[in-house]
Amino acid sequence: MTTSLHQLERRERRGKWFVATAILLSISVLTASWVGLFSFMAATTAHGVMVDVEAAVIPDVDGDALNFPDLSRVSRIYASNGTLLAELHDGIVSEPARFEDIPGVMINAILAAEDSDFFVHAGVDWSAIASAFIDNLGSDTQRGGSTITQQVVKKTFVGDEISYERKLREAVTAIELERRYSKEQILEFYLNSVYFGSSAYGVRAAGREFFDKELDELTVAEAATLAVLPRNPSIYSPRSNPKTTLDRRNSVIGEMLDADFITQAQYDAAIAENMSIAPPKTFTSPADHVVAEVKRRLLEDPEFAFLGDTRDERKQAIFGCPADAVDCHGGGGLNIWLTIDLDLQNAANEILHNWLPTPADPEEEAPTGAIATVDSKTGAILVMASGLPFGEQQFDLATQGKRNPGSSFKPFTLVAALEQGKSLNSFWDSTSPKEFEIGGGQIWKVSNAGGGGSGLMRLFDATYNSVNVVYAGVSVEIGPENIVDVAHRMGIESPLPAVPAITLGVGEVSPLEMASAYTNFSTNGSWAESYLIESISDPNGGISYQHEVSRIQTVDSAVIAAARQPLEIVPVSGTAPRANIGRPQGGKTGTHQNYTEAWFVGFVPQAATAVWVGFPDSQKPLTNVRIHGETYSRVFGGSVPAPIWKEFMQIYLADKPADDFPPDPEGISAYLRTPSTDVPDVLGLNEADATEEIRAAHLNASVVEVPSSEPVGTVVAQSPEAGAVISEGSSVTISVSVEGEPIPQFEGRTRKDFEKAFNDFQSQAGISLSVDFQTVETTNPNKVGILLRQRPSAGSIVGTGDTIIIIFGVQK
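Here is a short report on the structure shown in this document. Nothing here was measured: the structure is a model prediction, and the numbers come from that model. (Residues numbered from 1 in each chain as written. Predicted model: local features only at pLDDT ≥ 70, side-chain atom pairs only at ≥ 80, totals over all residues. Heavy atoms only, no water.)

### Observations regarding the packing of aromatic side chains
How two aromatic rings sit relative to each other is set out by the distance from centre to centre and by the angle between their planes. This is how the line gets drawn: The criterion for an aromatic pair is that two Phe, Tyr or Trp rings (for Trp, the six-membered ring) have centres within 6.5 Å, with stacked assigned to planes under 30 degrees apart, edge-to-face to planes over 60 apart and tilted to the rest. Numbering of helices and strands starts at the N terminus; helices are DSSP runs of H or I of at least 4 residues and strands are runs of E of at least 2. When a residue's accessible area, from a 1.4 Å probe over protein chains only, is under 20% of the maximum for its type it is buried; when over 50% it is exposed; and in between it is partly exposed. By definition here, charges over rings are those cases where NZ of Lys or CZ of Arg is within 6 Å of the ring centre and within 35 degrees of the ring normal.
In this structure the tally under the stated criterion is 25 aromatic pairs. An angle of 75 degrees between the planes, with centres 5.5 Å apart, marks the rings of Y518 and F521 as edge-to-face. Arranged with centres 5.3 Å apart and planes meeting at 80 degrees, the rings of F600 and W645 form a pair that is edge-to-face. A residue pair is termed long-range when its members are at least 10 positions apart, and F600 in strand β18 (residues 597-603) and W645 in helix α22 (residues 641-652) qualify at 45 residues. No difference in accessibility class separates F600 from W645, as the two residues are buried. Three or more aromatic residues joined by ring pairs make a cluster, and in this case those are F409, F412, Y518, F521, F603 and F661. Over the face of the ring belonging to Y652 we find K656, whose NZ or CZ atom lies 4.2 Å from the ring centre. Here the guanidinium or amino end of R751 rests over the ring plane of F773, the centre of that ring lying 4.0 Å away.

### Topic: the sheet that holds strand β17 (residues 586-591)
Condition: What makes two strands pair is DSSP finding at least two bridges between them. Every axis in this analysis is a line fitted to C-alpha atoms, fitted for helices over the stretch in contact. Angles between the N-to-C directions lie between 0 and 180 degrees. When checking whether two residues touch, look at their non-hydrogen atoms; a contact exists if any pair is within 4.5 Å.
Pairing is antiparallel across the open sheet formed by five strands, whose spatial order is β8-β7-β19-β18-β17. Two strands lie at the open edges of the sheet, namely β8 (381-386) and β17, each paired on one side alone. Ignoring which end each strand starts from, the neighbouring axes of this sheet average 10 degrees apart. Direction of pairing for strand β7 (residues 368-375) relative to β8: antiparallel, over a ladder of five bridges. Counterpart to I371 in the pairing with β8 is A385. Strands in contact with helix α15 (residues 342-355) are β7 and β8; relative to β8, the strand with the most contacts, it is inclined by about 30 degrees.

### A look at the nonpolar core
Within soluble globular proteins, side chains that are nonpolar generally end up buried alongside one another. Filter applied, for reference: We call a set of buried residues a nonpolar core when its members are Ala, Val, Leu, Ile, Met, Phe, Trp, Tyr or Cys and they connect through side-chain atoms within 4.5 Å of each other.
Core analysis: the largest hydrophobic core is formed by 118 residues, its most contacted members being I336, F412 and M514. With eight residues, helix α21 (residues 557-573) is the single largest residue contributor to this core. Those residues within four positions of M514 in sequence are excluded, and the remaining contacts are P405, S408, F409, F412, I492, V509, W599, V601 and A610. By size, the runner-up hydrophobic cluster in this structure holds 53 residues, among which are F189, A200, L218 and I262.

### A closer look at the state of the cysteines
Selection rule: The disulfide criterion used throughout: a pair of cysteine sulfur atoms within 2.5 Å.
Scanning the entire structure with this criterion turns up one disulfide. Between the sulfur atoms of C321 and its disulfide mate C328 the distance is 2.1 Å. Of note, the bridge from C321 to C328 carries an S-S torsion of about -85 degrees and is left-handed in sense. Accessibility expressed as a relative area gives 2% for C321, which makes it buried.

### Focus on the pairing of strand β31 (residues 803-811)
Direction of pairing for strand β28 (residues 770-778) relative to β31: parallel, over a ladder of nine bridges. Bridge pairing in β31 places D772 opposite I805. In terms of strand pairing, strand β29 (residues 787-791) meets β31 through four bridges, oriented antiparallel. The partner of R789 across the bridge, within β31, is I807.

### Here's the deal with the packing of helix α13 (residues 288-300) against helix α14 (residues 311-319)
The condition is simple: Small angles under 35 degrees read as roughly parallel and large ones over 145 as roughly antiparallel, with 65 to 115 read as roughly perpendicular and the rest as oblique. Under the scheme applied here, ten amino acids are nonpolar (Ala, Val, Leu, Ile, Met, Phe, Trp, Tyr, Cys and Pro), four are charged (Asp, Glu, Lys and Arg), and all others, including Gly, are polar.
Where α13 meets α14, the closest approach of the two axes is 8 Å, and the angle between their N-to-C directions is 130 degrees. Considered as vectors, α13 and α14 are oriented oblique to each other. Residue-level contacts link K295, R297, L298, L299 and E300 of α13 to R311, R314, K315, I318 and F319 of α14. Grouping the amino acids of the contact of α13 with α14 by side-chain chemistry returns four nonpolar, no polar and six charged.

Pasting the structure below:
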């Protein structure tokens, strides 16, 4: 049988293990009280013992089995300006340092406390074992003789089972470990992995935790204090047992002197130094809601699949290992950079607090708000401020709060209408209230805010005045499914109901979604998806993730540019004058049914910002509420969200030029023309139905009454005639039949002639009228006794019971 090279290498490696074991066992017989081992060996033959020992003690491993495992590290989250927002770990606060970066005073303190002969022995310190053996013979307590190498082996490779076999494996493995690695490599791993208490693993984390110092800032006394802790972090805790720690610290300082690690002068100074321990490190994030959203995205978003295929894999990659996990190694050490502008985030939080403070009584429910801002060119999320402190409400109202947007959803309807060929100068019926048949025999009744409205209105005007009835008509005519499609293309991610009322905001969306979608109006539809995480670097400084801005054209640029025009009027003379910042801007108010939600979503060339105001846990009406020193009987989007938006945007824009929006693209004129329409045929209809038909054709109805043999109220004539093509907003005159006859011309007659003509008219028309005779003085002799005026005038329709006024001239 041929022996492979791999088998030969394996046999040689096992032979080296066995030699080390044999040496160890020989010396163990002389120096240690391993009675159980001797009993075990006496129970069988010498050959059998050695075979059993070899099988039980020598690891059957390949060459990489003694590789040092990767250490968990703390991950950190930073705002765009470099401010630390969070430290992420799962109970292991670890900051590994290179051996060359650990100062000699720290290394020497550890060696003095744990293994002063570390650089002399070969993994096992036989003299220490013998000394421990002798000391233990006459003592009730047991002292160990483990070297630093053995401690590494115990913690990392063989475990801490209480058995002679495990102790043998520990010693054998320690000898092999020193054969494979340099002293510096072993000591570096130990110094970075040993536990110091208070979740601090490794000397760097310990220095920060207990002294709030970097390694190169530690004094001899402080290094000696840290060196005490690995022996037993609970007993030697400098916070809970300061005297015990101080006594042991001073002993270590003495051992450092004995080992010539320090001079007498250094010893004297270190002994005299007070043990001043820093308070426990409790990091308070300046943006807890942001941090929570970052964690959620890292753990759930497919964008970060490189962190792991499962949630557990991602969790370890981000937070490192749990402190109590035995078989978990590595993870963490990420530096996560965000797009958040912390100054703006803080300003937004302060504004929300000033306008909508948290009640002192936790049982009292009060309205709150949220602000979200997205950079129009990149999609970077600059602000995601939630009005409630994180300690009270972990739910982020800016990103997770899905609420009804009210009329702030109308711009998506406007864009969809323009895509369907409608025009800003098209005309729509604004009569309120108005009923719409929406299929299945269902009737949808819509009223304008305030209840009023009548006649035709341009879509342009209906937008900046937020006329519900007009937008309901648009929704029904173009189809709600097209509105949903536009909203999703422009950046709304939430599912939306394809119902006509979608135009009035019956769907639920977050402020962040609305801000992102409104950036389209800043850029003529060149949209970049919103993002929060800019980049992620690994523990070695390599870039694991870098966001790349990608822009898509969501809607034809001419459509978006046209839709922007009425939105620019909203803060000037529309529903949100309290949002006017005196520079290029646009936006839309939103007030949901029964005043349960109030919005203002606005945009400038640089960014879009959404402001929501409402109750955090329920859709209670915002009625009779006191906000910012003012009592509101009803809160509208233009009354509270709009001035909040203005106050925030003035801070955001303080150092930015008053840029203009992109120029109008070619083709925009198609959406500004006044459309033509066909005149409907309304002959034979009653007046109400005819008027409805004419308005449905985007035309005005002008009514004249004419006597006719047709039933009263019937349209007997129209002008222009049916089928004529005229501009929307034009009038169609309809003649409607009424009872009565047109009154003749009586003016210029004498009283006698009038009475005869009047009686003939009544007789022929078959009606009975009353006459009110009046006079007026005149200096003209030719007008005396003459009928000068009559009311109603000639041609007016009169019927039985009507009164006519007759005025004759008399001599002055």
